[in-house]
There are 2 protein chains.
Amino acid sequence: MRQAEAMLTISQLAAYAGVTVRAVRHYHHIGLLAEPGRNQSGYRIYDAEAVVQLIRINTLAAAGAPLTRVQELLDASPEAFTDGIEKIDKDLRAEIRRLQRLRQRLAQLAAGDHPALPPSVVGYLERLRSIGIDERYIELESNAWIMIVAQVPDQIDSVIADKHVELDDPVAVRLYQLLSSALDWSVDDPRLVELADCMEHLMVRAVEAGETGDLGLDNQFLDLLETSADNASPLVTRLRSILQERGWNGWIRAERTPTNTVHA
Amino acid sequence: MRQAEAMLTISQLAAYAGVTVRAVRHYHHIGLLAEPGRNQSGYRIYDAEAVVQLIRINTLAAAGAPLTRVQELLDASPEAFTDGIEKIDKDLRAEIRRLQRLRQRLAQLAAGDHPALPPSVVGYLERLRSIGIDERYIELESNAWIMIVAQVPDQIDSVIADKHVELDDPVAVRLYQLLSSALDWSVDDPRLVELADCMEHLMVRAVEAGETGDLGLDNQFLDLLETSADNASPLVTRLRSILQERGWNGWIRAERTPTNTVHA
DNA sequence: CTTGACCTTGACGCAAGGTCAACCCTTCAT
DNA sequence: ATGAAGGGTTGACCTTGCGTCAAGGTCAAG
């Protein structure tokens, strides 16, 4: 009777330690918290030691330690215990940093930013935007770059550097502006000729500069643009035929005729 | 063929988005990410849109949103979407604060502090320590207080205030010092008489002051001390008989004989 | 003497994947 | 051309840390 007064029921214990009754029973079940004595009716009765132990368990578990690890720690020597806590604390700090970085990503998501393109690519798209390229075209580019980055993530920065060099040529700027506005052209728009001129100009320069287009990946990129453009508009068919009339074989790829092929 | 070059396999997709292949398939399974097309051999092939979507999913899920909630958000209007993100961010901030508080608790655990006693009790134990009480006795007190707090958490501060008043009496201080050192006494230690004197003194004062000991909880506390003391040492038996010879009935409780009972 | 709040064990459910198994493609070095 | 490596496919069970019934026994209060 005296004993009983100084003892706690499971719900009192749980409430004190800030856990659920179910959790306490779970801890008993897996042997993490020793089964206490029972009273005459089979109720578990707990003493202060159980409270202390349960609070220890809860603290460690709440900090993210798996219950098996908690078990180990509680059984360990004091040094191993503090070592273990230090480790958990380290993980905790890492987790906090992770969550903080995540908040930034969330903010970008909310702002509608395109996620997960490397900074170099984002910078390049910014530059396109700054020369007045239509947002829809940027979207096409963005998607294309995602695929490229997915396939060759490590070469991306050098590729982007090349693209920046390309944009130093006013003709290239003009080309992108035309491509962008071409999204709204009708099939027989006369500006297509100017577009073809720009392309030819750039292709000639590329051949002169000895750019064989053999990066492998740049080819992929061009294939890609080609594909999406093909799907996008019949204008492309016209463009292709214009260039073919002038003796250009591949569309964007710089090779002229079977006679003066640039690469095998 | 052109198509295929601009497409990703499931492992490429997963790697790009920073998730496992299994997770992607899981998302397909629960309808969170649309099943893409297949190539001739039945492989799933993904486009840029899938990458973007998967990164959105991963960001939200990593932030702790349940996948069903992620689903809802992705299907929701832009306003609902940003609202939802705001909510998630709020939860994230709360989680970060929780983890930071947890780091403090962990530090206390590592330091060997007694966890989860309210500040008032900790202060009281400090005071006992400061008057030279043995650490083992403090441990007994600590356990006792845990049980008390567990049973009546809201009255604890006023109880502790009373205890502080009690300790303003030098006799009480002396009593605790004797109790503390009694842990090492042999059964027939002569200082037990002084201990009994102190107790009697305090009990007389209590009766004079009209303290009926009717807090209900204070009684519990005393029962408790009594119990643990009983278990602790045969000295208690002697002490009890000494006090009974002097006409004191209950041990620590302030009631003298059947004739002048203080409470019903 | 009946409520209503606890307690008991036992069993199933859940999220968010991990981890086989058993099999089919593709590719590359031999 | 061949066979091993290294993708991919479905399907089904395993895991963690409990939540949530179900089907009762217990206990204090009106």
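About the thresholds
Residues numbered from 1 in each chain as written. Chains lettered and ligands numbered in written order. Predicted model: local features only at pLDDT ≥ 70, side-chain atom pairs only at ≥ 80, totals over all residues. Helix = DSSP H or I, 4+ residues; strand = E, 2+ residues; numbered from the N terminus. Buried ≥ 20, exposed ≤ 12 C-beta atoms within 10 Å, placed from the backbone. Contact = placed C-beta atoms within 7 Å. Least-squares fit on C-alpha atoms with pLDDT ≥ 70 in both. Axes fitted to C-alpha atoms, helices over the stretch in contact; angles between N-to-C directions. Left-handed = near helix turned anticlockwise from the far one by under 90°. Nonpolar A, V, L, I, M, F, W, Y, C, P; charged D, E, K, R; others polar. Core = buried A, V, L, I, M, F, W, Y, C linked by C-beta atoms within 7 Å. Near = placed C-beta within 6 Å. Parallel < 35°, antiparallel > 145°, perpendicular 65-115°, else oblique. pLDDT = per-residue confidence, 0-100. Expected span 1.5 Å × (residues − 1).

1. Considering the overall build of chain A
Piece 1. A count of helical and extended segments in chain A gives 13 helices and two strands.
Piece 2. Scored against the burial criterion, the 264 residues of chain A give a buried share of 22%.
Piece 3. Within chain A, counting contacts between residues at least 6 apart in sequence, those at least 24 apart form 65% of the total.

2. Some thoughts on the relation of the copies chain B and chain A
Piece 1. Superposing chain B onto chain A takes a rotation of 180 degrees combined with a translation of 0.0 Å along the rotation axis, leaving an RMSD of 0.2 Å. What we have between these two chains is a two-fold relation. Taking C-alpha positions as the reference, the residue of chain B nearest the rotation axis is I96(B), at 3.0 Å.
Piece 2. A high fraction, 100%, of the interface residues of chain B reappear at the interface in chain A, so the copies pair face to face through one surface.

3. Structural notes on the packing of helix α10 (residues 170-181) of chain B against helix α11 (residues 191-208) of chain B
Residues and elements named next belong to chain B.
Piece 1. For the pair α10 and α11, the least separation of the axes is 9 Å and the interaxial angle reads 140 degrees. As α10 packs across α11, the resulting crossing turns out to be left-handed. Here V171, A172, R174, L175 and L178 of α10 lie close against α11, whose contacting residues are R191, E194, L195, C198, M199, H201 and L202.
Piece 2. Within the contact of α10 with α11, the residues separate by chemical class into eight nonpolar, one polar and three charged.

4. Some details on the interface of chain B and chain A
Piece 1. If you look at the interface, chain B gives 41 residues, while chain A gives 41 residues.
Piece 2. Sorting the residues of the side of chain B that touches chain A by element identifies α1 (2-5), α2 (10-17), α4 (48-62), α6 (78-111), α8 (135-151) and α12 (217-232) of chain B as the ones contributing at least two each.
Piece 3. When residues in the side of chain B that touches chain A are grouped by element, the largest group, 15 residues, is from α6(B).
Piece 4. Residue composition of the side of chain B that touches chain A, by class: 24 nonpolar, nine polar and eight charged.

5. As for the nonpolar core
Piece 1. If you look at the biggest cluster of nonpolar residues, it comprises 50 residues, and the most contacted ones within it are L13(A), V51(A), L54(A) and I146(B).
Piece 2. At seven residues, the largest contribution of residues to this core is made by helix α4 (residues 48-62) of chain A.
Piece 3. The next biggest cluster of nonpolar side chains, apart from the first, holds 49 residues, and it includes L117(A), M7(B), L8(B) and A14(B).

6. Section: the protein's contact with DNA strand C
Piece 1. Contacts to DNA strand C come from 18 residues, most closely from T9(A), S11(A), R44(A), P66(B) and L67(B).
Piece 2. For the surface near DNA strand C, the secondary structure elements donating two or more residues are α2 (10-17) and α3 (21-29) of chain A together with α3 (21-29) and α5 (67-75) of chain B.
Piece 3. Sort the elements by how many residues they give to the surface near DNA strand C and α3(B) lands first, with three residues.
Piece 4. By residue class, the composition of the surface near DNA strand C is seven nonpolar, eight polar and three charged.

7. Comments concerning the protein's contact with DNA strand D
Piece 1. The environment of DNA strand D is made up of 17 residues, and the closest members are R22(A), A23(A), S41(A), S11(B) and R44(B).
Piece 2. Of all elements in the fold, only α3 of chain A together with α2 and α3 of chain B reach the threshold of two or more residues within the surface near DNA strand D.
Piece 3. Classifying every residue of the surface near DNA strand D gives seven nonpolar, seven polar and three charged.

8. Things to note about the packing of α4(A) against α6(B)
Piece 1. Remark: α4(A) packs on α6(B), axes separated minimally by 10 Å, with the N-to-C direction vectors making an angle of 135 degrees. Relative to α6(B), the element α4(A) lies oblique. Our pair here, α4(A) against α6(B), has a crossing hand that is left-handed. Residues R56(A), T59(A) and A62(A) of α4(A) touch α6(B), and the partners they reach there are L102(B), R105(B), L106(B) and L109(B).
Piece 2. Of the residues contributing to the contact of α4(A) with α6(B), the split by class is four nonpolar, one polar and two charged.

9. Some details on the environment of G64(B)
All names here are of chain B.
Piece 1. Position of G64 relative to the elements: it lies in the loop between α4 and α5.
Piece 2. Owing to 13 C-beta atoms within 10 Å, G64 belongs among the partly exposed residues under this scheme.
Piece 3. When the C-alpha positions of G64 and E95 are compared, they lie 9.7 Å apart, and in sequence the two are 31 residues distant.
Piece 4. Sequence-distant contacts of G64, defined by excluding residues within four places in its chain, comprise I88, D91, L92 and E95.

10. Topic: the confidence of the model for chain A
All names here are of chain A.
Piece 1. Scored by pLDDT, chain A has a mean of 83; 83% of the residues are at 70 or more.
Piece 2. Mean pLDDT across the elements of chain A ranges from a minimum in helix α1 (residues 2-5), with 43, to a maximum in α3, with 97.
Piece 3. Scored below 50 in pLDDT, residues 213-221 makes 16 contacts in the model with residues more than four places away or belonging to other chains.
Piece 4. Low pLDDT, under 50, characterises residues 258-264; the stretch is placed with seven contacts to residues that sit more than four places away or in other chains.

11. A closer look at α8(B)
Piece 1. Helix length check: α8(B), at 17 residues, gives a terminal C-alpha distance of 24 Å against a target of 24 Å (1.5 Å per residue), a fit within 8%.
Piece 2. Along α8(B), the residues classified as buried are E141(B), W145(B), I146(B), M147(B), I148(B), V149(B) and A150(B).

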